[in-house]
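# Results of the structural survey
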Amino acid sequence: MATATATAGPHSGKWYRHLYAQVLTAIVLGVLLGHFYPSLGEAMKPLGDAFIKMIKMVIAPIIFFTVVHGIASMKDMKKVGRVGLKALVYFELVTTAALIIGLLVINLWKPGVGMAVDPSAIDTKAIASFTAKAKEQSTIHFLMDIIPSTVVGAFATGEILQVLFFAVLFAFGLQALGERGETVLRLIDVVSHVFFRIVGYIMKLAPIGAFGAMAFTIGKYGVGTLLSLGNFMLAFYTTCLLFIFLVLGTIARLCGFSILKFIRYIKEELLIVLGTSSSESVLPRMIAKMENLGCEPSVVGLVIPTGYSFNLDGTCIYLTMAAIFLAQATNTDLTIWQELGIIAILLLTSKGAAGVTGSGFIVLAATLASVGTIPVASIALILGIDRFMSEARALTNLIGNGLATVVVAKWENALDETRLHRRLNRETDVEADDPEAVKVEDDVVGAGGLQPLRA
């Protein structure tokens, strides 16, 4: 029986050249700087902001080219509809489970009981911008925003769903041209590789971005902020872990693989998200890695971008727990029916939260305004820890979206399961499996980043 041994790659034996090691080191340094030199740490904010802006700069075209190439390359257009419908059904089931788990844990843990906060005494100046944006949130407003005012506007604003909407229409139009559209399709494939290569260059700056973002967070809010509301944070992080290992872990097991191996596979992306508090910072990398895991590009191109608005598991957990926590802290009595009503509202309002820092806070304000029983002003209580909560939300969202891609691909018979297991077990010569998938991931991760194992 053949045994797998690692080939000597460019990074073999040099742990410090791996992105995950660099990002982890940067996070630690950022925490130390922010803690011991708060003002200097807070001044590092532009580093994190610049990195996220560079990533967001290329997200719209990458989604467009990925979705168009995936759909236009398919001969069966009915498959696109099936994939979209299956993805939405899965998203709704899993996010509902996230909302329910959040509700159960917060009611059992009760971190806000005994705080007895007077809402009228809360300074609401710090949350004025969030409550103003929250007033714009509504189901009709969200649905209308999916349609861009202009094609250029969708790319200019970087709205994921608007770009996805236009990309699907463009792909159908291109596919309808038949052979006349082949030249455009080949061009789109080439240009997409250019953009993935750009992402590869930008990702070299990920440690700097993670350092700046973490230094700012610790410098501005400090460790003391964590201690004052530590019980609520502990409850939230515990719930996220329970959801990942029990709910998502069970789903992964039903699909025939371990959630731990999947987490190991995307460990670099998780560390980048931990440092930047934004799941959007790794969207291009997730597209490439899911394709290389064995999921068909057409499925990846639809599920990953759509999941960033419709499959926010961590955000759903946070919204439920935060709403009930604030009710507990302000001595607002809620019946079980009122709590279930909050979940019903969150099923709608949570769908508009993007994968960027602070979006969950805006949706929370909109939800409390819709409920009417919990004082909206009370969200000022958790403003200081929202940045830390954002990290757990983004991490949970990322794992959930990656798993959703595998589930929908398997559901649609668009998953190479042999390749999946060999990649998760790190027992494959990936170049032999699929040279094109390796080319895409090499564009993003960089040469040597795959570290293949040869049988």
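These numbers were taken from a predicted model, which means no experiment stands behind them.

How each quantity is defined
- Residues numbered from 1 in each chain as written.
- Predicted model: local features only at pLDDT ≥ 70, side-chain atom pairs only at ≥ 80, totals over all residues.
- Heavy atoms only, no water.
- 1 Å grid on protein atoms, 1.4 Å probe; cavity = no way out; pocket = protein on both sides within 12 Å on 5 of 7 lines; lining within 4 Å.
- Points joined across faces, edges and corners; volume = space filled by probe spheres on them.
- Helix = DSSP H or I, 4+ residues; strand = E, 2+ residues; numbered from the N terminus.
- Axes fitted to C-alpha atoms, helices over the stretch in contact; angles between N-to-C directions.
- Parallel < 35°, antiparallel > 145°, perpendicular 65-115°, else oblique.
- Left-handed = near helix turned anticlockwise from the far one by under 90°.
- Contact = heavy atoms within 4.5 Å.
- Buried < 20%, exposed > 50% of the residue type's maximum accessible area, 1.4 Å probe, protein only.
- pLDDT = per-residue confidence, 0-100.
- Salt bridge = Lys/Arg side-chain N within 4 Å of Asp/Glu carboxyl O.
- Core = buried A, V, L, I, M, F, W, Y, C linked by side-chain atoms within 4.5 Å.
- Nonpolar A, V, L, I, M, F, W, Y, C, P; charged D, E, K, R; others polar.

### Quick word on empty space enclosed by the protein
Applying the stated rule across the entire model yields two cavities of 30 Å³ or more. As for the second largest cavity, its lining consists of Lys45, Gly48, Asp49, Ile52, Ala213, Phe216 and Arg387. Within the residue set of the lining of the second largest cavity, elements represented by two or more residues are α3 (45–72) and α10 (206–228). Looking at the lining of the second largest cavity element by element, the count peaks at four residues for α3.

### Things to note about the packing of helix α13 (residues 267–276) against helix α14 (residues 283–292)
One way to put it is that α13 packs onto α14 with a least axis distance of 10 Å and a crossing angle of 165 degrees. One way to sum up the angle between α13 and α14 is to call them roughly antiparallel. Note that α13 runs across α14; the crossing there is left-handed. Listed contacts from α14 to Glu268, Glu269 and Ile272 of α13 are Arg285, Met286 and Lys289.

### Remarks on the environment of Ala252
Structurally, Ala252 is set in helix α11 (residues 230–254). What makes Ala252 buried here is its relative accessible area of 0%. Separated by 154 residues in sequence, Ala252 and Val406 have C-alpha atoms that sit 8.8 Å apart.

### Structural notes on the confidence of the model for the chain
Looking at the chain, the pLDDT average stands at 81 and 82% of residues meet or exceed 70. For the chain, per-element mean pLDDT is lowest for strand β2 (residues 453–454), which scores 30, and highest for helix α12 (residues 259–265), which scores 95. The model gives residues 1–12 a pLDDT under 50, and that stretch makes 20 contacts with residues more than four places away or in other chains.

### Comments concerning the pattern of salt bridges
Any two side chains of opposite charge can pair if their charged atoms end up close together. Throughout the structure, instances matching the rule amount to nine salt bridges. Residues Lys45 and Asp49 are paired through a salt bridge, measuring 2.6 Å at the closest nitrogen-oxygen approach. One end of the pair, Lys45, and the other, Asp49, are both in helix α3, four residues apart, so they sit about a helical turn from each other. Judged by its relative accessible area of 33%, Lys45 is partly exposed. Put simply, Arg285 and Glu269 hold a salt bridge, and the shortest N to O gap is 2.6 Å. One end of the pair, Arg285, is in helix α14; the other, Glu269, is in helix α13, and 16 residues separate them in sequence. Each member of the pair Arg285 and Glu269 is classed as buried. Several salt bridges converge on common partners, so that one network encompasses Glu268, Glu269, Arg285 and Lys289.

### Quick notes on the nonpolar core
Core analysis: the biggest nonpolar cluster contains 131 residues, and Leu248, Met290, Leu364 and Ile382 have the highest contact counts within it. Among the elements that take part in this core, α3 stands out by supplying 14 residues, more than any other. In this structure, Ile382 is in contact with Leu229, Phe232, Tyr318, Ala322, Phe325, Leu326, Phe361 and Leu364, ignoring residues within four places of it in sequence.

### What about the packing of helix α16 (residues 313–329) against helix α17 (residues 336–349)?
One can describe the packing of α16 onto α17 by two numbers: an axis separation of 10 Å at closest approach and a directional angle of 140 degrees. In this structure, α16 crosses over α17, and the sense of that crossing is right-handed. In contact with Leu319, Thr320, Ala323 and Ile324 of α16, α17 contributes Glu339, Ile342 and Leu346. Residues that form the contact of α16 with α17 fall into these classes: five nonpolar, one polar and one charged.

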